[in-house]
Amino acid sequence: MSLDETPGFAAAAMAAFSLPGPRPPNSPSKAPPPTLAQTSIAGMDAVLDPSGALYWESQGTLIVSDLHLETGSSYARTGQMLPPYDTARTLQRLSAAVARHRPQRIVSLGDSFHDRGGAERLNEADRAVIASLADAAELIWVTGNHDGDSAATLGGWACEALQVGGVVFRHIPADEIPKGREVAGHLHPAAYVSIKGRTIRRRCFIGTDKRMIMPAFGCLTGGLSITDSAFAGLWPS
């Protein structure tokens, strides 16, 4: 399925995301308010936040996926030195999304850390941010293939999958087309957009009335083109 086949959803799905990589935050006086896209997807009347979060207002639930916290420190352990600011930057964006929507529940949809030891490598400032999120809302860590349930040691609780309002939230999409409704992550969808003769690549949401794949939220996490064969079997024929 291409975005061209779903014109009602295409405009919302193509909302621009920041390219991977930490950047200094804009000053409050210069930062424009984010443009939020309202859409109906996977049975949810939801808001697509340009940060890469999804907010389901009727359920008071904010969903993010593939935070991949501590990516920089994970690479550093093998001698590949990356700027060590990815966790702080990703949590800053998540905190801003929480402040915008004020959810009752926050769901991190798997691969919250880049590896199973990531939670142990957090510095105290980043631990405090996660603790503040857990104080602000119910914090649920869906387990991913990278991190297992290690994130649950930081507050909240972990599960393999979560059902809210008739929608199943899991990390890896089910092998078969769901009979119900499903929201998953894992694949890091990204799209190429041509504007005035220039082509740019951005992370995106993609889905149908039955299934949605979330973009990766982590600032150092890459994306997979939605034309890749990994997406081909996810949609009804």
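Keep in mind it's a predicted model, so treat the numbers as computed, not measured.

Caption draft 1: Broad picture of the sheet that holds strand E6 (residues 138-142). Taken in spatial order, the 7 strands line up as E1-E2-E3-E4-E5-E6-E7 in an open sheet, and their pairing is mixed. Each edge of the sheet is formed by a strand with only one pairing partner; in this case those strands are strand E1 (37-41) and strand E7 (157-159). Between one strand axis and the next, the sheet turns through 25° on average, direction left out of account. For strand E2 (residues 44-48) and strand E3 (residues 54-56), the ladder comprises 2 bridges, and the chain directions are antiparallel. Bridging across to E3, Leu48 finds its partner in Leu54. In the packing of helix H3 (residues 86-101) onto the sheet, contacts are made with E2, E3, strand E4 (61-64) and strand E5 (105-108), and the angle to E4 comes to roughly 160°.

Caption draft 2: Region of interest: the nonpolar core. Counting residues in hydrophobic clusters, the biggest one holds 23 residues, and the most contacted among them are Leu62, Leu94, Phe113 and Ile130. Formed by 22 residues, the second largest nonpolar core is a distinct cluster that contains Leu48, Leu109, Ile140 and Met214.

Caption draft 3: Representation of empty space enclosed by the protein in the model. Applying the stated criterion across every chain yields a total of 2 cavities of 30 Å³ or more. Its volume calculated, the largest cavity comes out at about 40 Å³. Surrounding the largest cavity, Val64, Leu67, Leu69, Leu91, Leu94, Ile106, Ser108, Ile130, Leu133, Leu139 and Trp141 form its lining. Listed by contribution, the elements that provide at least two residues to the lining of the largest cavity are H3, E5, helix H4 (124-136) and E6.

The rules we used
Residues numbered from 1 in each chain as written. Predicted model: local features only at pLDDT ≥ 70, side-chain atom pairs only at ≥ 80, totals over all residues. Heavy atoms only, no water. Pairing = 2+ DSSP bridges. Helix = DSSP H or I, 4+ residues; strand = E, 2+ residues; numbered from the N terminus. Axes fitted to C-alpha atoms, helices over the stretch in contact; angles between N-to-C directions. Contact = heavy atoms within 4.5 Å. Core = buried A, V, L, I, M, F, W, Y, C linked by side-chain atoms within 4.5 Å. Buried < 20%, exposed > 50% of the residue type's maximum accessible area, 1.4 Å probe, protein only. 1 Å grid on protein atoms, 1.4 Å probe; cavity = no way out; pocket = protein on both sides within 12 Å on 5 of 7 lines; lining within 4 Å. Points joined across faces, edges and corners; volume = space filled by probe spheres on them.

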